[in-house]
Amino acid sequence: QSALTQPRSVSGSPGQSVTISCTGTSSDVGGYNYVSWYQQHPGKAPKLMIYDVSKRPSGVPDRFSGSKSGNTASLTISGLQAEDEADYYCCSYAGSHTWVFGGGTKVTVL
Amino acid sequence: EVQLLESGGGLVQPGGSLRLSCAASGFTFSNSAMRWVRQAPGKGLEWVSTISESGGSTYYADSVKGRFTISRDTSKNTLYLQVNSLRAEDTAIYYCTKASGYRFDYWGQGTLVTVSS
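Residues numbered from 1 in each chain as written. Chains lettered and ligands numbered in written order. Predicted model: local features only at pLDDT ≥ 70, side-chain atom pairs only at ≥ 80, totals over all residues. Heavy atoms only, no water.

Caption draft 1: Structural detail: the overall build of chain A. Scanning chain A from terminus to terminus reveals zero helices and nine strands. Going from the N terminus to the C terminus, chain A shows its helices and strands as β-β-β-β-β-β-β-β-β. A compact globule built from 110 residues should have a C-alpha radius of gyration of about 13 Å, and chain A, at 13 Å, falls within 12% of that. Within chain A, the fraction of its 110 residues that count as buried is 48%. Pairs at least 24 residues apart make up 56% of the contacts formed inside chain A by residues separated by at least 6 positions. Element-wise, carbon and sulfur atoms account for 44% of the exposed surface of chain A, whose accessible area totals about 4,900 Å². (Helix = DSSP H or I, 4+ residues; strand = E, 2+ residues; numbered from the N terminus. Rg over C-alpha atoms; globule rule 2.2 N^0.38 Å. Buried < 20%, exposed > 50% of the residue type's maximum accessible area, 1.4 Å probe, protein only. Contact = heavy atoms within 4.5 Å. Areas by Shrake-Rupley, 256 points an atom, 1.4 Å probe, with all protein chains shown as cover.)

Caption draft 2: Representation of the interface of chain A and chain B within the structure. Taken together, the contact between chain A and chain B spans 16 residues of the former and 18 residues of the latter. Between chain A and chain B, a total of about 1,700 Å² is buried, with carbon and sulfur atoms accounting for 66% of that surface. Linking chain A with chain B are zero salt bridges, by the criterion used here. For the pair chain A and chain B, the interface holds seven residue pairs in polar contact (both at pLDDT 80 or more). Here the element with the most residues in the side of chain A that touches chain B is strand 7 (residues 86-93) of chain A; it accounts for three residues. A class-by-class count of the residues in the side of chain A that touches chain B yields 11 nonpolar, four polar and one charged. (Buried area = accessible area lost by both parts, 1.4 Å probe. Salt bridge = Lys/Arg side-chain N within 4 Å of Asp/Glu carboxyl O. Polar contact = N/O pair within 3.5 Å; in protein donor to acceptor, adjacent residues only side chain to side chain. Nonpolar A, V, L, I, M, F, W, Y, C, P; charged D, E, K, R; others polar.)

Caption draft 3: Structural view of the pairing of strand 1 (residues 3-7) of chain B. Residues and elements named next belong to chain B. Residues Leu-4 and Glu-6 of strand 1 are buried on one face, while the alternating residues Gln-3, Leu-5 and Ser-7, pointing to the opposite face, are not. Sheet topology note: the strand 1/strand 3 (residues 18-25) ladder contains five bridges and is antiparallel. Paired with Leu-5 across the strands is Ala-23, a residue of strand 3. (Pairing = 2+ DSSP bridges.)

Caption draft 4: How the structure looks around the side chain of Ser21(B). Of note, Ser21(B) is situated in strand 3. If we skip the residues at most four places from it in the chain, Ser21(B) touches Leu5(B), Glu6(B), Ser7(B), Trp36(B), Thr78(B), Leu79(B) and Tyr80(B).

Caption draft 5: Examining the nonpolar core more closely. Core analysis: the largest hydrophobic core is formed by 42 residues, its most contacted members being Phe101(A), Trp36(B), Leu79(B), Leu81(B), Phe104(B) and Trp107(B). In contact with Phe104(B), other than residues within four places in its own chain, are Tyr38(A), Leu48(A), Cys91(A), Trp99(A), Phe101(A), Arg35(B), Val37(B), Trp47(B), Thr97(B) and Lys98(B). Formed by 24 residues, the second largest nonpolar core is a distinct cluster that contains Cys22(A), Ile50(A), Ile77(A) and Val107(A). (Core = buried A, V, L, I, M, F, W, Y, C linked by side-chain atoms within 4.5 Å.)

Written out as structure tokens, the structure reads:
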């Protein structure tokens, strides 16, 4: 099972929007509406930000949104804030009780 | 408040074994599937294993199949991962996660396993 493909880094100024892509195949991202996104600050555990492509857990700001088209999922952070600077990982169900993660994207707030 | 506290990591020689533990609290442990995820130093996340609510079903990534065993003790609200035949590439932080549907909704702080001679 190959890792999902994410850009290594994206950046934006405070208040701007950034979008992180996550490309897989028809066997994972394209085959199921079970993409989730995780935020990880340095030295900390990952935190769930988006699940089932576009749903937000309680407590996650609504400036975080998710979508999917074909084999590519996306996470958009609108109104970028300093505390959003972190690594972000996508994850997709890949069938047969297996999951695959992306390689991670570092978001830098300029 | 959901809390997951891992322990059992450490330095082990290639071919060695460890048993990782995860003490769970703040939710009904017996009603939740659980998963282990690992992260090699400076690298991304990798799903390792899943155990069903009852413990009757277990699943493994190909990279650990036959070497790792996931289990749970509902009476102790504890999740385990027995890791055998360790290789250098198993060096990672191992995170215990609570499963909810197809997501990993709570994560512990992780326990570091270092495989080196």
